[in-house]
Amino acid sequence: MSKFALSYEFDALVVGGGIAGLQSALDLADQGFTVAILVKDASIGGKMIRLSKVFPTLDCSSCITTPKMAAASHHENITIFTDCDLTSLKRTNGMLNAEIVQRPRFVDLDTCIGCRQCEYSCPVYVPDEEEGGLSLRKAIYIPFSNAIPQIATLDVENCSLCGKCAKVCPTDAVDYFQQPRTMTIATKTAVMATGFSLTPIHQKKEYGQGQVPNVITSLQMERLLAPHGPYQRVLRPSDGKEPESIAFVQCAGSRDKSIGISYCSRVCCMYSIKQAMLLSGSLPLADITIYYMDIRAFGKGHEQFYQNAKAMGIEFVKGKIASIAAASNQNVAMKYEAQEEGGRLATREHDLVVLSLGIVPQWNPAGICDLSTGSDAFIRSAMPQIAPTMTDMEGVFVAGVAAGPKDIVDTIIEAGAAAMEAANYLGRFSSTQAARAADNTTQPM
Ligand SMILES: Cc1cc2nc3c(=O)[nH]c(=O)nc-3n(C[C@H](O)[C@H](O)[C@H](O)COP(=O)(O)OP(=O)(O)OC[C@H]3O[C@@H](n4cnc5c(N)ncnc54)[C@H](O)[C@@H]3O)c2cc1C
């Protein structure tokens, strides 16, 4: 008997359910191909669904991501697999074979109706990673309000096994004995859209290694700015004070050889300017300072966005931050090299400091498949100039930040290009298979 409990077949496999994966899957499915989306998380949406607004238009991020998520989940040609880890991707006999482990959710996917009765009855509170740890969630919970699927998940590490959730569930969906499931997907082509993580904060001891109160990450600031975020307004985490002075530290984990990340993460300048503008809207009296090495505003409309921020009174200080430490009154003290003042070492205090952390790949293909990565650890393009989504595995393409840091606009464009390459490959696939079959059946004379 096969060690895999379930096996499926699709024309295309998309690994990743962020905006890149969703766009590639929709573009392929709209052409009539069957697509499986494989996601590590409990919901599709990736980072974009967690952002407040997007530069340079300041559109509401969840308002423009949710329709794509809904379109993918309702598409008749798309099947979504959540909580999945890809353990192997190999091409054998012409087909790509993916081996997958689906982690248990301890809630039955087919019977849960998303009523949240389990969540309301759960007595356990733990920090909510979806809100950057700034608020609490229950041990059994729906990941966030517009998560897809709207199905609860049980965090077994923190569950007290009190049984209250199972008692109140109207459909008996809670299953404490669920086991990991193994499955295989046979497919013809794949798009890798595995996205990014932020530079680990603990790598930089000069920045306090995550131990200085009121030093937060840029994704935490996105949540503070979101209308449905942890406090529904901007407050500093340690004491709930409305901050009067907020600073952004640029290149905190990019262009920094001391932590092995020499490249520019490309989006940090723009997202910090965006956050600064949003902050000056919600806290009009606050002083906002951006400490930078260079401002990189290269995209369409980006330079104007930067100039608008300066006109709004946001202060830009050219200087590399040398150290960050706790100061009195729960403030944060920063030492920096003031480059516009002859390079002297200056010190300033702020109520709240945001680290504009860099972008690193979320997934490493080593040991799983033969995709190679570049010196920056992102998936390498086999033809970067003329076919940037093509990888060195036959019929496998790459899209979005999995290939290198980029903003949403470039991610969407690349995801469309990867889907187009995959569709072309599918078109060629049938004739190649027919030729292979003919070769195999030819008998020696
Ligand atoms: C703080 C911040 C603010 C930003 N603000 C803006 C902005 O205002 N405007 C803008 O244009 N850009 C902005 N960006 C950039 C934007 O977030 C990215 O361009 C975009 O989210 C990239 O999408 P993606 O799908 O490539 O990756 P992600 O959103 O990271 O999605 C990756 C997906 O892959 C899945 N995955 C990962 N590994 C595996 C695996 N092994 N198996 C299965 N699934 C896997 C994940 O579960 C997830 O679904 C911002 C970035 C940050 C950090």
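About the criteria used
Residues numbered from 1 in each chain as written. Predicted model: local features only at pLDDT ≥ 70, side-chain atom pairs only at ≥ 80, totals over all residues. Buried ≥ 20, exposed ≤ 12 C-beta atoms within 10 Å, placed from the backbone. Helix = DSSP H or I, 4+ residues; strand = E, 2+ residues; numbered from the N terminus. Contact = placed C-beta atoms within 7 Å. Pairing = 2+ DSSP bridges. Axes fitted to C-alpha atoms, helices over the stretch in contact; angles between N-to-C directions.

### A word on helix α5 (residues 218-225)
Then comes step 1: Extensive coverage of α5 is indicated by the burial of six of its eight residues.
Then comes step 2: Next to the buried residues of α5 lie β16 (215-217), α6 (268-282) and β22 (352-357).

### Here's the deal with the environment of S145
Then comes step 1: Structurally, the position occupied by S145 is in the loop between β11 (140-141) and β12 (153-154).
Then comes step 2: On the neighbour-count criterion, S145 (9 C-beta atoms within 10 Å) is exposed.
Then comes step 3: C-alpha separation for the pair S145 and S258, spaced 113 residues apart in sequence, amounts to 39 Å.

### Structural notes on the sheet that holds strand β19 (residues 315-326)
Strand-to-strand pairing in sheets goes through backbone hydrogen bonds, with the strands running parallel or antiparallel.
Then comes step 1: If you walk across this open sheet you meet the seven strands as β16-β22-β17-β18-β19-β20-β21, and the pairing is mixed. Each edge of the open sheet carries a strand with a single partner, namely β16 and β21 (344-350). Averaged over all adjacent pairs, the angle separating strand axes in this sheet is 40 degrees, with direction ignored.

### Section: the sheet that holds strand β6 (residues 78-81)
Then comes step 1: One open sheet holds the five strands; their spatial order is β6-β3-β2-β14-β24, and the pairing between them is parallel. Each having just a single partner strand, β6 and β24 (396-398) make up the two edges of the open sheet. The sheet shows a mean angle of 20 degrees between the axes of neighbouring strands, direction not considered.
Then comes step 2: Sheet topology note: the strand β2 (residues 12-15)/strand β14 (residues 189-192) ladder contains four bridges and is parallel.

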